[in-house]
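Coordinates in review
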Amino acid sequence: MRLLRLFWRLIAPFWLDKRNWQAWVLLASTIGLGLGIVQINVLINAWSKTFYDTLGEFDTTALYGLMGQYSLYIGIFVLIVVYKAWLRKALLLRWRQSMSERLIGEWLGGQAFYRLGLEGEPDNPDQRIAEDVNLLVSHSVDLLVSFITNFAQVTAFVGILWALSGSHEFTLFGYSLQVEGYLVWIAVLYTVIGTLVTHWLGRPLHRLNYNQQSREADFRADLLRKRDHAEQIALYRGEQAERQQLSTRFRAIADNWWQLMARERNLGFFVVGYDRVSNIVPVFAALPLFLTKAITLGGLMQVRTAFSAVQGSLSWFISAYQTLAEWSATVERLGQFEQAIARTRTQVREAPCGNCLRLDQLDVLLPNGEPLLSGLQAQVASGEWVRLAGPSGLGKSTLLRTLQGLWPYCRGSWQLPGGRSLLLPQKPYLASLPLRELLAYPSSDTPPDEQLRSALQQVGLARLADQLGRQSEWMRELSGGEQQRLGLARALLYRPDTLYLDEATNQLDDQAAHRLLTTLRQQLPHCTVIGVSHQPGVQALFDRSLPLRPDTTTSSATPAPCPAPA
C-alpha cells in the first residue's frame, strides 16, 4: 500500500489537472483499442471451430469463404494494433513531458538542487528525472492497459470455456464427482500455482533492479565528471587513477548484473516452461470430451484457444512480473527524490526586505550546529561598496551564500535589500550555450547584440564580439581570467541592485582587476556591492571594510533555516 500511495502522489498532479483532458482521451482510446483486440480474438475463436469442422468435411467452397473472413479479421487486427501503438506513444510523450517539467521545476525551485547537495541528496537526480520518469510513464501505461485488456479477455472467454466444458464426471478414490466447467477450474488452478512460484522466484528482483538503476547512473555521472574536469585530470596525468575509479564503478554494475541475471534465469526457466506447457494443457484437459465425441475437432481447437486466452489472461501477474519489479523500483526512486525536494522547502523562511542590507546578531553555522561566524552586526547603505575582511577559511564565502539565501545553517535576524541580486563566484558557471545566451545568463531575455558587444568591449573581450552566435565548450576555451571577465560582463548586462563578489577577480592581475571594477562602479552607480577580495589593488575601491573574526565559542543548538532572497 505504501508503494501505491507513493505512486498516486507522483501521478496525481498530471491526471487530476483538468487541462490534461486530452490525456484521458488518449488513455481511453488506447484501452478501447485493446478491448477491440479482445473482440477480434473472440471472433477468431468462433471462426476456428467453424474452420476446422469445415476442413474435416472437405467443404472447399465454404473454406474459401472462411479464408476471406479470416483475412478481414486480420486486416482489422493490424489496423487496431498500429493505431493503439501510435496513441500509446502520444500519451507517453504528453505525460512524460508534463512530469519532467514538474520535477525540474521542483528541483530548481527554491534552490532545492543546491540545498539537496548540502544534506546528502538522493543519488543522480539527472537519472531520476530523465530515465526514471520515462520508465515510470511507459511501465504504468503498459501495465494498466494490459491488465484491463486481460481482465476483459478473461470475462469474454471464461463463458465460452465454461460452456465448452459442460458437466463432467470424475472418479476419485472410488467416489464419483460431478464438476461443472472443469476446464475453467483447471485453468485457474494452473495459473494460481504458476503465480505463487513466480513470486517466490522473482521477489528479489525489486531490490536488484533498484540497485542496477542506481549503479548505472553512478557510472554515467562519473563519466560526465571526467569530461567536465578533463583539463585538470590531464594536467595531473591522472588517467590511471580515473581508469581505476571507473573500473570500480563498472564492477559494481557487473556484480549486481550477475545477481540480476541469476534471478532472471531461474525465473525464466519456470516462466518459459510454464508458457510452453500451457499450450498442451488444454488439449490434454479436453481429450475426455473429444474421445467421448462430446466435442468435434473444431470444438477441440476452440477449447484450446479459449483455454489459452483464459489461462494467459489469468497469468498476467506472471508475464508482467519483471516489468512490475522495474516499475516498483522506479516508483520508489522517484518518490524518494520528490520527498527529498519537499524537505528542502522546510529550510526556507522569508526575510523582510528594506532599502538596505542589515544584519542583527546573525550567526553563520556549520551543518553540525557549530558556529562559524557569530553575532554579526552591520548595515550597508544602498549604493555602498563594503568588503568583508578576514583571513582565508574564515567563512566569508559562506556568509555571502547566507545572504543570498543559499546556506541554510544560520540564525538571527536580518533584512535584505530589495530588487535583483547577483553573486559572482571565483569560477563562473559557463554552460555550452551560444555566446549571446551565455552573456545574458541568468536572465532568460537576451539583450540586443549592440549591448552584448559593448559589454564584451568594456571587460576586455572584444575579440569575441563577432562570435555571439557560436556555441562552444567555453570553460575549456577561455582562460581563468577570461572566464572572470565574462562574469563581470554578465553583471553589466544584468544590472543587479545588489552584487556579491566572491574573489571574482582573483585570476586577474591587480591592475586589470582594478580597471574592471572601476568600470563596474561607473556603469552601475546605484548598485550595492558586498565583496570578498585579498587583492591589494582592489581593496581601495571599497568604501569600507567589515572585519570578521573567527568564532571560538561552541554551540550544540540545531541551526535554523536561512531565508531565501525575496
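Residues numbered from 1 in each chain as written. Predicted model: local features only at pLDDT ≥ 70, side-chain atom pairs only at ≥ 80, totals over all residues. Heavy atoms only, no water.

- The name that an unreviewed UniProt entry assigns to the protein chain is ABC transporter ATP-binding protein, with the source organism given as Pseudomonas abyssi.
- In its Subcellular location (unreviewed entry) section, UniProt records this for the protein chain: "Cell membrane". (UniProt positions renumbered as here; feature names shortened; annotations may be inferred.)

1. Digging into the overall build of the protein chain
- On a plain count of helices and strands, the protein chain comes out with 19 helices and eleven strands.
- For 566 residues, the compact-globule formula gives about 24 Å, and the C-alpha radius of gyration of the protein chain, at 35 Å, lies well above that figure.
- Considering only C-alpha atoms, the protein chain reaches an extent of 110 × 55 × 50 Å along its principal axes.
- Every one of the 566 residues in the protein chain was classed for burial, and the buried ones make up 46%.
- In the protein chain, 79% of the contacts between residues at least 6 apart in sequence involve partners at least 24 apart.
- Carbon together with sulfur atoms contributes 59% to the accessible area of the protein chain, which is approximately 29000 Å² in total.
- If the 53 positive side-chain charges of the protein chain are averaged to one point and the 48 negative ones to another, these points end up 1 Å apart. (Helix = DSSP H or I, 4+ residues; strand = E, 2+ residues; numbered from the N terminus. Rg over C-alpha atoms; globule rule 2.2 N^0.38 Å. Buried < 20%, exposed > 50% of the residue type's maximum accessible area, 1.4 Å probe, protein only. Contact = heavy atoms within 4.5 Å. Areas by Shrake-Rupley, 256 points an atom, 1.4 Å probe, with all protein chains shown as cover. Lys, Arg positive; Asp, Glu negative; His and termini not counted. Charge placed at Lys NZ, Arg CZ, Asp CG, Glu CD.)

2. Points about the domain arrangement of the protein chain
- Assigned domains within the protein chain: domain 1 (1-347) and domain 2 (353-547).
- Between the C-alpha centres of domain 1 and domain 2 the distance comes to 53 Å.
- Between domain 1 and domain 2, the contact holds nine residues from the first and eight residues from the second.
- Taken together, the two surfaces of domain 1 and domain 2 that pack against each other cover about 810 Å², and 46% of this comes from carbon and sulfur.
- In this structure, the connection of domain 1 to domain 2 is made through zero salt bridges.
- Linking domain 1 to domain 2 there are zero residue pairs in polar contact (both at pLDDT 80 or more).
- It is helix H4 (residues 112-118) that contributes the most residues to the side of domain 1 that touches domain 2, three residues altogether.
- Among the residues forming the side of domain 1 that touches domain 2, the class breakdown is three nonpolar, two polar and four charged. (Domains from an automatic or database assignment. Buried area = accessible area lost by both parts, 1.4 Å probe. Salt bridge = Lys/Arg side-chain N within 4 Å of Asp/Glu carboxyl O. Polar contact = N/O pair within 3.5 Å; in protein donor to acceptor, adjacent residues only side chain to side chain. Nonpolar A, V, L, I, M, F, W, Y, C, P; charged D, E, K, R; others polar.)

3. Brief notes about the nonpolar core
- By size, the foremost hydrophobic cluster in this structure holds 38 residues, and its most contacted members are Leu424, Leu435, Leu439, Leu486, Leu499, Leu517 and Leu520.
- Of all the secondary structure elements, the ones that give two or more residues to this core are strand E8 (421-424), helix H14 (435-440), helix H15 (449-458), helix H17 (480-494), strand E9 (498-502) and helix H18 (510-523).
- Looking at this core element by element, the count peaks at seven residues for H17.
- Those residues within four positions of Leu424 in sequence are excluded, and the remaining contacts are Gly487, Leu488, Ala491, Leu499, Tyr500, Leu501, Asp502 and Ala504. (Core = buried A, V, L, I, M, F, W, Y, C linked by side-chain atoms within 4.5 Å.)

4. Considering the UniProt feature "transmembrane region" (unreviewed entry) in the protein chain
- Under the present numbering, the feature "transmembrane region" (unreviewed entry) in UniProt falls on residues 21-47, 67-87, 143-162 and 182-202.
- Along residues 67-87 one finds 100% helix and 0% strand; the C-alpha atoms at either end are 30 Å apart.
- Secondary structure across residues 143-162 comprises 100% helix and 0% strand; the distance between its end C-alpha atoms is 27 Å.

5. What about the layout of surface pockets?
- Here the second largest pocket is characterised by a volume of approximately 430 Å³.
- Along its surface, the second largest pocket is lined by 16 residues, and Phe7, Ile11, Ser140, Leu144 and Trp327 are the ones closest to its centre.
- For the lining of the second largest pocket, the secondary-structure elements that each account for two or more residues are helix H1 (2-15), helix H2 (21-56), helix H5 (125-165) and helix H12 (321-345).
- Residue classes in the lining of the second largest pocket are distributed as 15 nonpolar, one polar and no charged. (1 Å grid on protein atoms, 1.4 Å probe; cavity = no way out; pocket = protein on both sides within 12 Å on 5 of 7 lines; lining within 4 Å. Points joined across faces, edges and corners; volume = space filled by probe spheres on them.)

6. What to know about helix H13 (residues 396-403)
- Most of H13 is tucked away, with six of its eight residues classed as buried.
- Residues of H13 that are buried: Lys396, Thr398, Leu399, Leu400, Thr402 and Leu403.
- One or two residues past the end of H13 sits Gly405, with phi positive at roughly 85°.

7. Re the pairing of strand E6 (residues 385-389)
- Summarising burial for E6: five of the five residues are buried, a large majority.
- Burial of E6 is two-sided: the residues Trp385, Arg387 and Ala389 facing one way and the residues Val386 and Leu388 facing the other way are all buried.
- Direction of pairing for E6 relative to strand E10 (residues 528-532): parallel, over a ladder of three bridges. When the bridges of E10 are listed, Arg387 appears paired with Gly531.
- With four bridges joining them, E6 and strand E11 (residues 544-547) adopt parallel strand pairing. Within E11, the residue paired with Val386 across the bridge is Arg544. (Pairing = 2+ DSSP bridges.)

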